[in-house]
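Observations on the model geometry
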Amino acid sequence: MAAWHQALIRFAPLLVLVALWQMLGGHVDAKLLPSPSAILSLLWREATQGDLWLHLSMTLGRVGVSFALAMLIGSALGILMGLNKTIDTALDSFLIIGMNIPALVVIIICYIWLGLTEAAAITAVTINKAPMVAVTLREGTRALDVQLFQVAKVYRVSAWNTLWRIIMPQLLPYLFGAVRNGLSIIWKIVLVVELLGCSNGFGFQIGSYFHFFDLAGVLAYTLAFTLVVFAIEYLLIRPIEHRLLRWRTNP
Amino acid sequence: MMLNINLRTKRFDNGCLAIKDLQFSAWAGEFIAIVGPSGAGKSTLLNLIAGLDAAVEGSIEWRPPVASTEASLDAPPKAPRLGYLFQESRLMPWLTVRQNLTLVCPTLGEAALAEWLEKVGLSGSAHLFPGQLSGGMQRRVALLRAFIVEPELLLMDEPFQSLDAPTAQQLRGLLFELWSQRQPTVLFVTHDLREALSLAERILFLSPAPARIVSEHRVARSGLCNTDDPAVNADYAALLSQYPQLLQGLHTPALL
């Protein structure tokens, strides 16, 4: 299928939705449903004259740091638990608690203990996300192919090469699963964290607009947020994934 | 004598006896086929020899072929450099042919790689992934992987079983050629007596589980034959009339 054809199928439904919304705009109260053009022009004003870029960079920074921490801690924990039955049994209850405790509770506890600081914000997000990464990677580690380890042993492949050329490629699909899941959840949690205890960031901005019941402002920031998510998915995650999983897609 | 196997008992994971009092020795450079019915514990035996499974009563001794006078008497026998062809090719699907080979042989240079690939008829395939190769070509890569480490002991577990007859015959030819040049000791496990007769110098017959060696046959010819060669047919007929029950065991399911 041609690339433009795929792009059409992918984006046409979105465009139709926006067009319908725009047409509906004239018939309802703009306070309840601002039209797409109004949202766009507000977004443009925020980007050119307002503080959109400041808030975006603050939010992205928090997302980036807590995402990296959660992936690192979660992966290490998950791989260890997948490999070692004793560690798995000892830590399993913590994973269950970590997976199910409401994000809001963790955020409030972190703010009370660490104050309204960046450290508290990032800790809260990391604690919320790491257990999910651990569960995914534990699953992946349990599914590792014993037969390929036998090959490594027979041919005396070094521990380093066993890790990078035999184990990691098998964990990659699980890692990408965790990355996607991770980003989507971390965005949401970061916004709550910012709403509750930061003086900048998208969450803070959306909170401010909420105080004035300004739906256009809320939606303008939501739109900016959506655009960034698309950019990360298409410019970062997919190309990397395509490159690393090339051996699967080739005929 | 370089490989001495003396296994008293080995149990499967389910507790059934897999091996009972199995003994044999192999000379340096010898090509031995081990023939037995399926379920006789042939793969179990190879995994024990490869050191992939250590839970066994008995001993597996390896003496390096070079008799380095007094040192060899005291020094504990070291493990041989191994090549192992499994029933599946077991290549890493995410590594190219080149990467699969450098994984087991990190010092392999570009020129040597090209020479090896040409030898096994895989020229120009270095950059391909295993998924882009046919089953027969994957086996060639696996065979190459086994020989590229310059093995002293080469273990083969029915490696050509899932291939069509002409492809399997080609690969037997390639195996025989590489073995003639490099002379590793080969233990070739199969349940196909004709395959054993066409390749090996000596054939060991395994009983159904618990496996032990019930008979031994020295193949008179030297050199490779087709599995339907007249000489193989003659050997086959002679063995069949000599040990009718033995060969019958190769066609009946194992009695556990």
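Everything below is about the structure printed above this text.
Residues numbered from 1 in each chain as written. Chains lettered and ligands numbered in written order. Predicted model: local features only at pLDDT ≥ 70, side-chain atom pairs only at ≥ 80, totals over all residues.

**Here we look at the overall build of chain B**
Check the secondary structure of chain B and you find nine helices and nine strands. Across the 256 residues of chain B, 38% fall into the buried class. Within chain B, residue pairs in contact and separated by at least 24 positions form 73% of the contacts whose partners lie at least 6 positions apart. (Helix = DSSP H or I, 4+ residues; strand = E, 2+ residues; numbered from the N terminus. Buried ≥ 20, exposed ≤ 12 C-beta atoms within 10 Å, placed from the backbone. Contact = placed C-beta atoms within 7 Å.)

**A word on the overall build of chain A**
Within chain A, the regular secondary structure consists of eleven helices and zero strands. The N-to-C order of helical and strand elements in chain A reads α-α-α-α-α-α-α-α-α-α-α. When its C-alpha atoms are laid out on the principal axes, chain A stretches across 70 × 55 × 25 Å. For chain A, with 251 residues in total, the buried portion stands at 29%. Within chain A, contacts between residues separated by at least 24 positions form 73% of all contacts whose residues are at least 6 apart in sequence.

**Some words on the pairing of strand 2 (residues 17–26) of chain B**
Residues and elements named next belong to chain B. Taken together, the eight bridges between strand 1 (residues 3–11) and strand 2 define a ladder with antiparallel strand orientation. Pairing of I5 across the sheet is with F24, part of strand 2. From the end of strand 1 to the start of strand 2, which pair antiparallel, there are five residues, and G15 there has a positive phi angle of about 95°. (Pairing = 2+ DSSP bridges.)

**Quick word on the pairing of strand 8 (residues 202–206) of chain B**
Residues and elements named next belong to chain B. In terms of burial, strand 8 is largely enclosed, as four of its five residues are buried. The sheet contact formed by strand 3 (residues 31–35) and strand 8 spans four bridges and is parallel. When the sheet's bridge partners are listed, I32 is paired in strand 8 with R202. Bridge analysis of strand 8 against strand 9 (residues 213–218) gives five bridges, and the strand direction is antiparallel. Bridging across to strand 9, R202 finds its partner in R218. Taken together, strand 8 and the strand that follows it, strand 9, pair antiparallel across an intervening segment of six residues.

**A word on helix 9 (residues 202–211) of chain A**
All names here are of chain A. Every buried residue belonging to helix 9 is among F202, G203, F204, Q205 and I206, and all of these are buried. Looking at the buried residues of helix 9, the elements they touch are helix 3 (52–83), helix 8 (159–197) and helix 10 (215–244). At the exit of helix 9 stands F213, carrying a positive phi of roughly 50°.

**Overview of the interface of chain B and chain A**
Each partner contributes to the interface: chain B provides 15 residues, whereas chain A provides 14 residues. Of all elements in the fold, only strand 5 (82–85) and helix 3 (97–104) of chain B reach the threshold of two or more residues within the side of chain B that touches chain A. Per-class residue counts for the side of chain B that touches chain A are twelve nonpolar, two polar and one charged. (Nonpolar A, V, L, I, M, F, W, Y, C, P; charged D, E, K, R; others polar.)

**A short note on the sheet that holds strand 2 of chain B**
Residue and element names in this part refer to chain B. Here we have three strands laid out as an open sheet, ordered 2-1-4, and antiparallel in their pairing. Looking at the sheet topology across the chains shown, the edges are occupied by strand 2 and strand 4 (57–62). If you compare each strand with its neighbour and ignore which way they point, the axes differ by 10° on average. Sheet strands in contact with helix 1 (residues 42–50) are strand 1, strand 2 and strand 4, and its direction is about 120° off that of strand 1. (Axes fitted to C-alpha atoms, helices over the stretch in contact; angles between N-to-C directions.)

**A closer look at helix 8 of chain A**
Here helix 8 of chain A spans only 45 Å end to end across 39 residues, well under the 57 Å set by a 1.5 Å rise per residue. The principal kink in helix 8 of chain A, of about 50°, is found at A:M168, preceding the proline A:P169 by one to four residues. (Expected span 1.5 Å × (residues − 1). Bend = angle between axes of the 7 residues up to and from the residue.)

**Some remarks on the sheet that holds strand 6 (residues 153–157) of chain B**
Where strands meet in a sheet, backbone hydrogen bonds hold them as pairs that are either parallel or antiparallel. Residue and element names in this part refer to chain B. On the basis of which strands lie adjacent, the open sheet formed by six strands has the order 5-6-7-3-8-9 and mixed pairing. Every other strand in the sheet has two partners, leaving strand 5 and strand 9 as the edge strands with one partner each. Taken over all neighbouring pairs, the strand axes of this sheet differ in orientation by 15° on average, direction set aside. Sheet strands touched by helix 5 (residues 135–148): strand 5 and strand 6. Its angle to strand 5, the strand with the most contacts, is close to 165°.

**Observations regarding unusual backbone geometry**
Residue and element names in this part refer to chain A. Residue R156 is not a glycine yet carries a positive backbone phi of 55°. Locating R156 in the fold gives a position in the loop between helix 7 (146–154) and helix 8. Phi is positive for F213, which is not a glycine, with a value near 50°. On the secondary structure map, F213 appears in the loop between helix 9 and helix 10.

**So, the environment of B:A220**
Following the sequence through the fold, B:A220 ends up in the loop between strand 9 and helix 8 (230–242). C-alpha separation for the pair B:A220 and B:R202, spaced 18 residues apart in sequence, amounts to 8.9 Å.

**Let's talk about the nonpolar core**
Residues B:I32, B:A33, B:I34, B:L143, B:L155, B:L187 and B:F188 are the most contacted members of the largest nonpolar core, which totals 66 residues. The leading source of residues in this core is helix 5 of chain B, at seven residues. Other than its neighbours up to four places away in sequence, B:F188 contacts B:F31, B:I32, B:A33, B:I34, B:M156, B:L199 and B:A200. A:I39, A:L77, A:A134 and A:C198 belong to the second-largest nonpolar core, a separate cluster that totals 43 residues. (Core = buried A, V, L, I, M, F, W, Y, C linked by C-beta atoms within 7 Å.)

**Notes on the environment of B:E158**
Residues and elements named next belong to chain B. With respect to the element layout, E158 can be found in the loop between strand 6 and helix 6 (165–182). E158 sits in the partly exposed class, given 19 other C-beta atoms within 10 Å. Residues E158 and S43, spaced 115 residues apart in sequence, show a C-alpha to C-alpha distance of 8.9 Å.

**Examining the environment of A:L69**
Positionally, A:L69 belongs in helix 3. Expressed as a C-alpha distance, the spacing of A:L69 and A:A130, which sit 61 residues apart in the sequence, is 7.9 Å.

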